[in-house]
Every structure is written in structure tokens, then in C-alpha cells.
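Coordinate analysis (summary)
Below are the chains, spelled out letter by letter.
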Amino acid sequence: MTWFDDALGRCSLDPDDLGYLLARGAREERVHELGLTTWCREACEARQGDKEWTRLGREGQGSRVNGMLTAPLQSARGVVIGADFRTTWVDKKTVLRHLLPEAAWCPTFVGLTARAADQLWRGADLWLVEGLFDMFALEWVVGARGVVLGCGRADLSQQQDQLLQRILSPTAAVYVVFDEDEAGRRGAAGGVDPKTGKYHRGAIARLRARGVRVVDVRYSAKDPGALWDAGGRPALQRAFGSLVLG
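For the structure given in this document, a descriptive report is provided here. Quick caveat: nothing in here was measured; it's all calculated off a predicted structure. (Residues numbered from 1 in each chain as written. Predicted model: local features only at pLDDT ≥ 70, side-chain atom pairs only at ≥ 80, totals over all residues. Heavy atoms only, no water.)

1. Brief notes about the side chain of threonine 108
- By the element assignment, threonine 108 lies in the loop between strand E4 (95-99) and helix H4 (114-121).
- Within the structure, the side chain of threonine 108 is placed 2.5 Å from the backbone oxygen of glutamine 74, a separation counted as a polar contact.
- Apart from residues lying up to four places away in sequence, threonine 108 is in contact with Leu73, Gln74, Ile81 and Gln160. (Helix = DSSP H or I, 4+ residues; strand = E, 2+ residues; numbered from the N terminus. Polar contact = N/O pair within 3.5 Å; in protein donor to acceptor, adjacent residues only side chain to side chain. Contact = heavy atoms within 4.5 Å.)

Listed below in C-alpha cells is the structure:
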């Protein structure tokens, strides 16, 4: 067990954060499986020499993320290798990520667990979204028919692609459900990055180049989480139900 596991074990999920999660489509059993909690700086002993960790507070207890919803990030073997910290109940979303050194050779997805990795190994289809609440929303439709994972942004990193090469069944399909905005479309289908002027190869082309069966999923909303917020499970079923059943 690492110092980070120990600190997470000393934290507890704030009732208001649980309420927020449930309102945004999370299932209580999934919240428990992922180990979602609320960061408490007092739960962490000071780690002054850890430069990466002290980015989140110079005293080495994560004071910058104190009180933030905390989503541990796991490797395919179920080992915690970092966490995403995010604000709740505020207009401006803030998400900060901390990765342990092990993350350098253990790629991860939002929502990845050893159970999910085993499902993919055994042939389950994969649904790729951007973030945590898109994942929770889409899980209401996909259910046990597939695995929903978040890339963390509108992109499939090289490390994540390499992980899928190892654990994804050759017969599985990958459904790319990135946000329906400029960044999401560029991450899915490719395009020129306005910040760098360079062409960005999208997740769809990268996966298809390896012979993976990929579906570019289009829908009429900003993202799956917005569909949940607007119409709950019925809205998601109308948008994606035919793909799941077909």
C-alpha cells in the first residue's frame, strides 16, 4: 500500500458530494467500486520532498484540493496510480490530476478497474467518452453489454492506445462518444489544432489503423452528461439505445 492509498483510506465521501454524484447519474455501487471520496488534507501526512505532490499545496497535504471530490485512477490490475480532484456545486468546473510515479508505465482511463479490464479481455465492446460524468450517464444505456471508460480529455493518448492493444479483444468494437464540440470532434475524427497549427490524428483513425472496428457516434447534445441532465435515462436511450441493441 502506498502513502496515497493510505491517505485515500482516511478520507470519506461528503454527503453533499454523494448527492451530487447521484444527481449526475452515478450509481451508488459504482461510486463504491471506484472508491470516490472527498479529499481531506488532514488525512495526509506532509510530504515536503515530493515535488509533483506539492504542486497541490506547498505543505504537502494537498491543501489546494481540500474538500474536492476525489476519483482514484487505477491501472488495469486495479492498483491506484493517481486521482482526479474536481469541484462540485459550482459554475466553473475545475479538475486537477495527480499521478504517482507508477503511472509512467501504467496507463489508465477514468473508470478503469481490474474488473473492467477483464471484461474487455473476454470480448466486451468498449465505449470511450471524455470524462467521469459522461461515463456515468452512458453506463445507464450500455449496462452489462459493454464497458464505458473516460479518456480524461478529447483524445486517446499513445499510452492508452497501447493499453487497449494489450487488453481489447480482436472481436470487440470501440464506440467513440466524445463531446459534440470542436475539441471533441478533433479528438475523435482528427483535425488541425488551433493552438499549434499541427494536424491532430483522431482516436478513430488511430484505432482503425490497427484493424479495430470503430463506430463514430454522433448525437444531438454537448455530451452524454448533458443528455442525462436534460432528460435522464430516457434521453440517453433515445440517443444511443439503437447502437447498444443493434
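From this point on, the discussion continues.
2. A few points about the nonpolar core
- By size, the foremost hydrophobic cluster in this structure holds 33 residues, and its most contacted members are Leu21, Trp127, Phe136, Leu138, Val177 and Phe240.
- Going through the elements one at a time, helix H2 (15-23), helix H3 (28-34), strand E2 (69-74), strand E5 (125-129), helix H5 (132-142), strand E7 (173-176) and helix H9 (224-245) are the ones with two or more residues in this core.
- Examining the composition of this core, we find that nine residues originate from one element, H5, more than from any other.
- Residues within four places of valine 177 in sequence aside, it is in contact with Trp127, Leu128, Val129, Leu138, Val217, Tyr219, Pro224 and Phe240.
- Within the second largest apolar cluster, 27 residues are counted, among which are Phe109, Leu112, Ala154 and Leu164. (Core = buried A, V, L, I, M, F, W, Y, C linked by side-chain atoms within 4.5 Å. Buried < 20%, exposed > 50% of the residue type's maximum accessible area, 1.4 Å probe, protein only.)

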